[in-house]
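Tertiary structure, described
Residues per chain, in single letters:
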Amino acid sequence: MIAGMGFATLDRIYTPTRNRPIEALGGSCANVLVSLAMLGHRVAPILNLGSDETGAFLLDEIQRAGCVTQFVFREPNEESPVVVEYLDIQLARHAFSSTCPETHRQLPSYRPIAESNADRAKGAIRAASIFYVDRLSDTTLLAMEEASGAGALVLFEPNSLKDWSLFRKALPFIDILKASEDTRAEMDTQSFEAPPYFISTHGGEGLTLETGARTVTLPSIAAPRLVDTCGAGDMVTTGLIHALMNVGATRRTIRVDDVYSGLVMGQWLAALNCAFVGARGAFHAFGGATIRNALMSRSERCLDVAHVEPYAGYKR
């Protein structure tokens, strides 16, 4: 089983070619876990949502993907996070905002999951083969320690790091650390002993994998059509975890070749996703089963995007 704890939000995507925004589940943790569930894995997200209509919509998306929803907690009198994405499809450029363009009010943001709720999910944390985290807090630190102690591979993918003391406490429990170029630049200002596998992504320049004294560079894979690069990093992570689960990798048995092949799979998935609108656009357009079959064949010729609309498959 795969478990994870972190950020889930409503992505509200505005484009010049549509009169109203597209709305979809987003946030790195939710994107990765829901995509993995759609690929056929048993997945238990441990997430914090509000009791509002947005929370109901997000819970429905998580449930329809096939996730275990027992540990998706909806807090009374709380609002669910919302992120605005402005997308220029012609230029394949996007920008994010935390302000609603209609009301000009600040949108609800991420709140760490309560320790009491994390305690209720301990069974899932201990049962996980892979545990994914994208936000660091006292609660997620305890969960990482719990998962690691039970033998899970722990993958940490921070969006940024503000509490370096907490990060150093988490390091002994992290097997795979994955960071964007910007976050890696933050990390390079600090001194710490890197985990066994350290992945740095560089957008169109590809990524690097560092393990011990060895560094491997993987060039990016060209997108069949460039529409939206949002979520590309999440798709790399999805492909990596998918591949690791398929070979039954554990903390003790993981090999660098497993990580390498998983990253290549993730890069292919990221390239496909860039042909569609949104952080999980390819999954909306094709569905999990079709993408799973394409990943098994490792041939992008299996999926022809030319006749599929960039907006295909969205519920609203």
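On a predicted model such as this, the values are computed, not experimentally measured, just so you know.

Calculation notes
- Residues numbered from 1 in each chain as written.
- Predicted model: local features only at pLDDT ≥ 70, side-chain atom pairs only at ≥ 80, totals over all residues.
- Heavy atoms only, no water.
- Helix = DSSP H or I, 4+ residues; strand = E, 2+ residues; numbered from the N terminus.
- Rg over C-alpha atoms; globule rule 2.2 N^0.38 Å.
- Buried < 20%, exposed > 50% of the residue type's maximum accessible area, 1.4 Å probe, protein only.
- Contact = heavy atoms within 4.5 Å.
- Lys, Arg positive; Asp, Glu negative; His and termini not counted.
- Charge placed at Lys NZ, Arg CZ, Asp CG, Glu CD.
- Arc of directions from axis to C-beta.
- 1 Å grid on protein atoms, 1.4 Å probe; cavity = no way out; pocket = protein on both sides within 12 Å on 5 of 7 lines; lining within 4 Å.
- Points joined across faces, edges and corners; volume = space filled by probe spheres on them.
- Nonpolar A, V, L, I, M, F, W, Y, C, P; charged D, E, K, R; others polar.
- Axes fitted to C-alpha atoms, helices over the stretch in contact; angles between N-to-C directions.
- Parallel < 35°, antiparallel > 145°, perpendicular 65-115°, else oblique.
- Left-handed = near helix turned anticlockwise from the far one by under 90°.
- Phe/Tyr/Trp six-rings, centres within 6.5 Å; stacked < 30°, edge-to-face > 60°.
- Lys NZ or Arg CZ within 6 Å of the ring centre and 35° of its normal.

1. Notes on the overall build of the protein
- On a plain count of helices and strands, the protein comes out with 11 helices and 13 strands.
- Relative to the 2.2 N^0.38 estimate, which gives 20 Å for 316 residues, the radius of gyration of the protein is 18 Å and therefore close to what a compact globule would have.
- For the C-alpha atoms alone, the extent of the protein along its principal axes is close to 50 × 50 × 40 Å.
- Taken across its 316 residues, the protein has 56% of its residues classed as buried.
- Relative to all contacts within the protein whose residues are 6 or more apart in sequence, the contacts with residues 24 or more apart total 64%.
- Averaging the positions of the 29 positive and the 35 negative side-chain charges in the protein gives two centres separated by 5 Å.

2. Some thoughts on helix H11 (residues 288–297)
- Restricting attention to buried positions, one finds in H11 the residues Gly288, Ile291, Ala294 and Leu295. All buried residues of H11 fall inside an arc of 125° around its axis, so they share one side.
- Looking at the buried residues of H11, the elements they touch are helix H1 (28–38), helix H8 (232–246), helix H9 (256–273) and helix H10 (281–286).

3. Some words on the layout of surface pockets
- Looking at the largest pocket, its volume works out to about 1200 Å³.
- For the lining of the largest pocket, the elements supplying multiple residues, two or more each, are strand S2 (9–14), H1, strand S7 (93–97), strand S10 (176–179), helix H7 (181–187), H8 and H9.
- No other element matches H8, which puts four residues into the lining of the largest pocket.
- Taken together, the residues of the lining of the largest pocket break down into 17 nonpolar, 18 polar and eight charged.

4. Considering empty space enclosed by the protein
- As enumerated under the stated definition, the model contains two cavities of 30 Å³ or more in all.
- Size it by volume and the largest cavity reaches roughly 40 Å³.
- Together, Asp11, Ile13, Ala24, Leu25, Gly278, Ala279, Arg280, His284 and Tyr314 line the largest cavity.
- Elements represented by at least two residues in the lining of the largest cavity include exactly S2 and strand S3 (22–26).
- Within the lining of the largest cavity, the residues separate by chemical class into five nonpolar, two polar and two charged.
- Looking at the second largest cavity, its volume works out to about 40 Å³.
- Taken together, the residues of the lining of the second largest cavity break down into five nonpolar, three polar and one charged.

5. Observations regarding the packing of H9 against H11
- Where H9 meets H11, the axes come as close as 11 Å, and the angle between the chain directions of the two elements is 135°. Relative to H11, the element H9 lies oblique. As for how H9 packs across H11, the hand of that crossing is right-handed. Contacts between H9 and H11 involve Met265, Trp268, Leu269 and Leu272 on the former and, on the latter, Ile291, Ala294 and Leu295.
- Here the contact of H9 with H11 is built from residues that sort into seven nonpolar, no polar and no charged.

6. Looking at the packing of aromatic side chains
- Within the structure shown, the criterion is met by seven aromatic pairs.
- An angle of 35° between the planes, with centres 5.7 Å apart, marks the rings of Tyr14 and Tyr86 as tilted. Linking Tyr14 in strand S2 with Tyr86 in strand S6 (residues 82–88), this pair joins segments that are 72 residues apart in sequence.
- Accessibility expressed as a relative area gives 35% for Tyr86, which makes it partly exposed.
- A ring pair is formed by Phe192 and Phe198, whose centres lie 6.3 Å apart and whose planes are at 50°; its orientation type is tilted.
- Ring-pair connections join several aromatic residues into one group, and the members of that group are Phe156, Trp164, Phe167, Phe192 and Phe198.
- Above the plane of the ring of Tyr311 lies Arg18, whose end atom (NZ or CZ) is 4.8 Å from the centre.
- The cationic tip of Arg135 hangs over the ring face of Tyr110; the distance from NZ or CZ to the ring centre is 5.6 Å.

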